[in-house]
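If you want the building blocks of each chain, they are given just below.
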Amino acid sequence: DTGVSQDPRHKITKRGQNVTFRCDPISEHNRLYWYRQTLGQGPEFLTYFQNEAQLEKSRLLSDRFSAERPKGSFSTLEIQRTEQGDSAMYLCASSNRGIDEYGYTFGSGTRLTVV
Amino acid sequence: GDSVTQMEGPVTLSEEAFLTINCTYTATGYPSLFWYVQYPGEGLQLLLKATKADDKGSNKGFEATYRKETTSFHLEKGSVQVSDSAVYFCALSEEGGKLIFGQGTELSVKP
């Protein structure tokens with residue numbers, strides 16, 4: 001168990017460019033969550049998967065955002081035509097169905113800076 | 001919708017002082033409640049949790065009791081250490097395991 005891995009750790013991009021982040025969850029966890037955290041705020045839910053099925057998307061997830069988990073293992077989060085307001089820490093977390101007993105395991109996040 | 005409100009920080013304490021970080025919530029159902037901690041430069045870690053009313057979660061000297069009558073889940077520690085300096089997040093769980101977080105409270109403990 002190597003924990004939840006996110007790649008890259010940091011990303012600086014120019015406004016209008018597309019970016020893609022990757023999350024590798026703990027192998028036996030069937031649920032995977034994406035959150036966004038801006039400076040001085042708590043994480044905000046974006047979307048989650050159970051296995052390969054995307055079960056819920058937040059209203060925060062505009063049409064420029066898309067997430068996939070093609071084989072129920074790793075997940076990608078893509079942001080198209082980035083805007084300065086997209087600058088944030090993007091967090092991935094995974095869990096098994098026992099969320100209420102065990103909580104999540106979070107990755108260290110990908111910090112996105114849009115210039 | 002469901003929400004979580006935490007006391008604003010930063011909170012600055014001397015080592016061995018008593019800590020309370022207030023957390024109240026609004027929820028339509030009976031969520032589980034969590035405290036997460038984020039140490040400088042690290043990811044969020046689960047500190048403790050409680051799944052039903054009157055449950056007390058505890059870990060590393062921290063405690064919090066699920067109070068349904070006051071919709072609260074205040075975090076306490078009897079004697080803080082410099083190593084407790086971090087940002088603390090209160091959260092509740094919704095259907096599907098989605099977490100709703102408070103805005104976080106920064107704690108700074110001075111020697």
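Residues numbered from 1 in each chain as written. Chains lettered and ligands numbered in written order. Predicted model: local features only at pLDDT ≥ 70, side-chain atom pairs only at ≥ 80, totals over all residues. Heavy atoms only, no water.

I tried to follow the sheet that holds strand β3 (residues 19-24) of chain A on my own but got confused; where do I start?
Each strand in a sheet pairs with another by means of backbone hydrogen bonds, the pair being arranged parallel or else antiparallel. Residues and elements named next belong to chain A. The 4 strands lie next to each other as β1-β3-β8-β7, forming an open sheet whose pairing is antiparallel. Bordering the open sheet on either side are β1 (5-7) and β7 (65-68), each of which pairs with just one other strand. Each strand axis lies, on average, 15 degrees off the axis of its neighbour in the sheet, ignoring direction. Where β3 and strand β8 (residues 75-79) come together, 5 bridges link them in antiparallel fashion. Opposite phenylalanine 21, over in β8, you have leucine 77 as the bridge partner. (Pairing = 2+ DSSP bridges. Helix = DSSP H or I, 4+ residues; strand = E, 2+ residues; numbered from the N terminus. Axes fitted to C-alpha atoms, helices over the stretch in contact; angles between N-to-C directions.)

How do you make sense of the interface of chain A and chain B when you look at a structure like this?
One frequently used descriptor of interface size is the decrease in accessible area upon assembly of the parts. Opposite the 22 residues of chain A that make contact, chain B presents 20 residues. Our count for the chain A to chain B interface comes out at 1 salt bridge. A salt bridge links A:Glu56 to B:Lys98, with the shortest nitrogen-to-oxygen separation between them at 2.8 Å. Summed over the shared surface of chain A and chain B, the number is 8 residue pairs in polar contact (both at pLDDT 80 or more). If you list the elements that add at least two residues to the side of chain A that touches chain B, you get β4 (31-37), β5 (44-50) and α1 (99-102) of chain A. Of the residues belonging to the side of chain A that touches chain B, the class tally is 10 nonpolar, 7 polar and 5 charged. (Contact = heavy atoms within 4.5 Å. Salt bridge = Lys/Arg side-chain N within 4 Å of Asp/Glu carboxyl O. Polar contact = N/O pair within 3.5 Å; in protein donor to acceptor, adjacent residues only side chain to side chain. Nonpolar A, V, L, I, M, F, W, Y, C, P; charged D, E, K, R; others polar.)

Please explain the nonpolar core as it appears in this structure.
Looking at soluble globular proteins, one finds that nonpolar side chains tend to be buried together. Residues and elements named next belong to chain B. Among the nonpolar cores identified, the biggest contains 27 residues, and Trp35, Leu47, Leu48, Phe73, Leu75 and Tyr88 are the most heavily contacted of them. Only β2 (11-14), β3 (19-21), β4 (23-26), β5 (33-38), β6 (44-50), β8 (62-65), β10 (86-93) and β12 (105-110) provide two or more residues apiece to this core. It is β10 that contributes the most residues to this core, 4 residues altogether. Other than its neighbours up to four places away in sequence, phenylalanine 73 contacts Cys23, Leu33, Phe34, Trp35, Leu48, Lys49, Ala50, Ala64, Thr65, Tyr66 and Cys90. (Core = buried A, V, L, I, M, F, W, Y, C linked by side-chain atoms within 4.5 Å. Buried < 20%, exposed > 50% of the residue type's maximum accessible area, 1.4 Å probe, protein only.)

Honestly, the state of the cysteines in this entry has me stumped. Any pointers?
In a disulfide, the sulfur atoms of two cysteines are covalently bonded to one another. This structure, assessed with the given rule, holds 2 disulfides over all chains. Here A:Cys23 is linked by a disulfide to A:Cys92, with a sulfur-sulfur distance of 1.9 Å. Looking down the S-S bond of the A:Cys23 and A:Cys92 bridge, the torsion is -70 degrees, so its handedness is left-handed. Here A:Cys23 is found in strand β3, whereas its partner A:Cys92 is found in strand β9 (residues 88-95), with 69 residues between them in sequence. As far as burial versus exposure is concerned, A:Cys23 and A:Cys92 are alike and both buried. A sulfur-sulfur distance of 2.0 Å marks the disulfide that ties B:Cys23 to B:Cys90. Every disulfide takes its handedness from the sign of the S-S torsion; for B:Cys23 and B:Cys90 that torsion is -70 degrees, giving left-handed. With B:Cys23 in strand β4 and B:Cys90 in strand β10, this pair connects stretches of sequence that are 67 residues apart. Assigned by exposure class, B:Cys23 and B:Cys90 land together as buried. (Disulfide = S-S within 2.5 Å.)

Sorry, what's going on with the sheet that holds strand β9 (residues 75-77) of chain B here?
Residues and elements named next belong to chain B. Read from one edge to the other, the open sheet built from 4 strands follows the order β3-β9-β8-β7, with strand pairing classed as antiparallel. Unpaired on one side and paired on the other, β3 and β7 (56-59) mark the two borders of the sheet. Ignoring which end each strand starts from, the neighbouring axes of this sheet average 15 degrees apart. Across 3 bridges, β8 lies against β9 in antiparallel orientation.

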